[in-house]
Amino acid sequence: MWPHGRRDAGDGLDIPIRNREYPGLARRLPLDDALSGLFDVIEELSTLMINAAEGTNQATGAAQTTGATGITSTTARRPFAEVARENLDRLYGYCLHLSRDRMDAEDLLQDALIRAMRAYDGLRDQEAVKTWLFTVATNCARDRWRARGREPGSVPLDASDPDDEFSLFATIAIEDPFPYSDTLHLDFLRLFEDEDIQAVFTTMTPAFRAPILLTTIHGFSCKEATAILQIPLGTLLSRLHRGRKQLERGLWEYAVRRRLVTVSEEP
Amino acid sequence: MIDCPEAVRRMWAYLDAALDPGPTEELEVHLGACKRCCGELEFSRELRGIVAATNSPVLSDELRSRVEHLLGTGHAREADR
């Protein structure tokens, strides 16, 4: 049974297709128009299904925002191309950090933009557009990992983690790679260029990598990151910690492997 | 008082200002008495700063052109409505 339509007295169907001029009002359609309009309804339902996954709602012509006061405000809807261009560089950076290489990142960016474009009408809170775009990109990345049979949490998330007890701070102090330095730890960190950090990111478990990318590089609050990743705050904080430990071990192993530091024995 | 592993566990959340007041106070009490964890906190702050300063890469001209084409297609759809 069609969920939104019902048979009328033989002359047509009442289908609550969104009225472009008067949003929220259903149109009464003659049968021929109704049949041709079924494609619109299917598109609407597809959008709703995507919106459900991205955390958006059915839109009207303008965006409605409910702030901390509970008062609903209305802001003008901006064209998708405008908001996409505004966030394009950061979104690409996020895609690149989530991906294996540039080609993978470019595909992910385009997937995310296409999905976001289709669902944009459903975004109610225009002020949350950046958070929403990153949510869409995260979901696209998750779908791609699953399609490859590599879940984001391929390392058991709740199991004990050998990296958990690793301390880069302590390791540098023990190994003492710069014996004549008074700023041993800072000297170690200064070894790393952007591409080195990126290389280490690619070795991290995606579920631990994404919280660090969102909060530390892209400036989202922990609350916003929980919304993007769709996880509770406690889980986010735990993954931030484990991600940080993976990052620390990754930096040390990268430095040893690339001979940026000299140690007596590889870990 | 919390021990050193627990203090380290809370450090990035502390630097992110994401810790609740109770755990924050416990951490600060620990830091007041533990020189090693003060060093670890300072190192965490520097490491976090380096990660935060990682530049966003620039789109290649070819990718930007593809994206503009894609956005142009979307713009056409919006104009049709």
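Predicted, not measured: the structure shown is a model, and the values here were computed from it. Counting starts from 1 at the beginning of each chain's written sequence and moves along it residue by residue. Numbering of ligands from 1 and lettering of chains from A proceed in the order in which they are written. Reporting in this predicted model follows two pLDDT cut-offs: at least 70 for local features of residues, and 80 or more for side-chain atom pairs to be given and counted; totals over whole chains, interfaces and linings ignore these cut-offs and use all residues.

By a widely used convention, the size of an interface equals the accessible area lost when the partners come together. Each partner contributes residues to the interface: chain A has 32 residues there, and chain B has 28 residues. The helix count covers DSSP runs of H or I at least four residues long, the strand count covers runs of E at least two residues long, and both are numbered beginning at the N terminus. Elements with a minimum of two residues in the side of chain A that touches chain B: α2 (80-98), α3 (102-119), α6 (184-189), α7 (194-201), α8 (206-217) and α10 (233-257) of chain A. The dominant element in the side of chain A that touches chain B, judged by the number of residues it contributes, is α2 of chain A, at 9 residues. Split by residue class, the side of chain A that touches chain B holds 20 nonpolar, 6 polar and 6 charged. Residues are defined as contacting one another if the C-beta atoms placed from their backbone atoms lie within 7 Å. Each residue is assigned to one of three groups, with Ala, Val, Leu, Ile, Met, Phe, Trp, Tyr, Cys and Pro labelled nonpolar, Asp, Glu, Lys and Arg labelled charged, and all others, Gly among them, labelled polar.

Segments scoring low in pLDDT should not have their predicted coordinates read at a detailed level. Residues and elements named next belong to chain A. Per-residue confidence from the predictor is reported as pLDDT, a score between 0 and 100. Model confidence for chain A is summarised by a mean pLDDT of 75, while 66% of its residues fall at 70 or above. Within chain A, no element has a lower average pLDDT than strand β1 (residues 6-7), which sits at 36, and none a higher one than α3, at 94. For residues 1-44, every residue scores under 50 in pLDDT, and the model assigns this stretch 43 contacts once sequence neighbours within four places are set aside. Scored below 50 in pLDDT, residues 57-73 shows 34 contacts in the model against residues more than four places distant or in partner chains.

Quick look at the packing of α8 of chain A against helix α3 (residues 35-52) of chain B now. Pairs of packed helices are described in terms of their axes, by the angle between the two and the distance that separates them. To obtain an axis, a line is fitted to C-alpha atoms, over the contacting stretch when the element is a helix, and the angle between two such axes runs from 0 to 180 degrees between their N-to-C directions. The N-to-C vectors of α8 of chain A and α3 of chain B enclose an angle of 90°; their axes lie 9 Å apart at closest approach. It follows from the interaxial angle that α8 of chain A and α3 of chain B lie roughly perpendicular. Note on element contacts: α3 of chain B touches α8 of chain A through Arg48, Val51 and Ala52 of chain B, opposite Ile212, Thr216 and Ile217 of chain A. In terms of residue class, the contact of α8 of chain A with α3 of chain B is made up of 4 nonpolar, 1 polar and 1 charged. Roughly parallel refers to an angle under 35 degrees, roughly antiparallel to one over 145, roughly perpendicular to one between 65 and 115, and oblique to any angle outside these ranges.

Moving on, we come to the nonpolar core. Residues and elements named next belong to chain A. A set of buried Ala, Val, Leu, Ile, Met, Phe, Trp, Tyr and Cys residues, joined to one another through C-beta atoms within 7 Å, is what we call a nonpolar core. Here a residue counts as buried when 20 or more other C-beta atoms sit within 10 Å of its C-beta, as exposed when there are 12 or fewer, and as partly exposed otherwise, the C-beta atoms being derived from the backbone. With 70 residues, the main nonpolar core has Leu91, Cys95, Leu108, Ala112 and Ala137 as its most contacted residues. For this core, the leading source of residues is α2, giving 10 residues. Each domain's extent is set by a domain assignment, obtained either automatically or from a database. Each of domain 2 (76-147) and domain 3 (162-257) gives at least three residues to this core.

Moving on to the packing of α3 of chain A against helix α4 (residues 129-147) of chain A. All names here are of chain A. Running from N to C, α3 and α4 cross one another at 120°; their axes reach a closest spacing of 9 Å. As the angle between them shows, α3 and α4 are arranged oblique. For α3 against α4, the interelement crossing comes out right-handed. Side by side, α3 and α4 meet where Leu108, Asp111, Ala112, Arg115 and Ala116 of the first sit next to Leu133, Val136, Ala137, Cys140, Ala141 and Arg144 of the second. Here the residues of the contact of α3 with α4 sort into 8 nonpolar, no polar and 3 charged. Should the near helix be turned anticlockwise from the far one by less than a right angle, the crossing is left-handed, and should it be turned clockwise, the crossing is right-handed.

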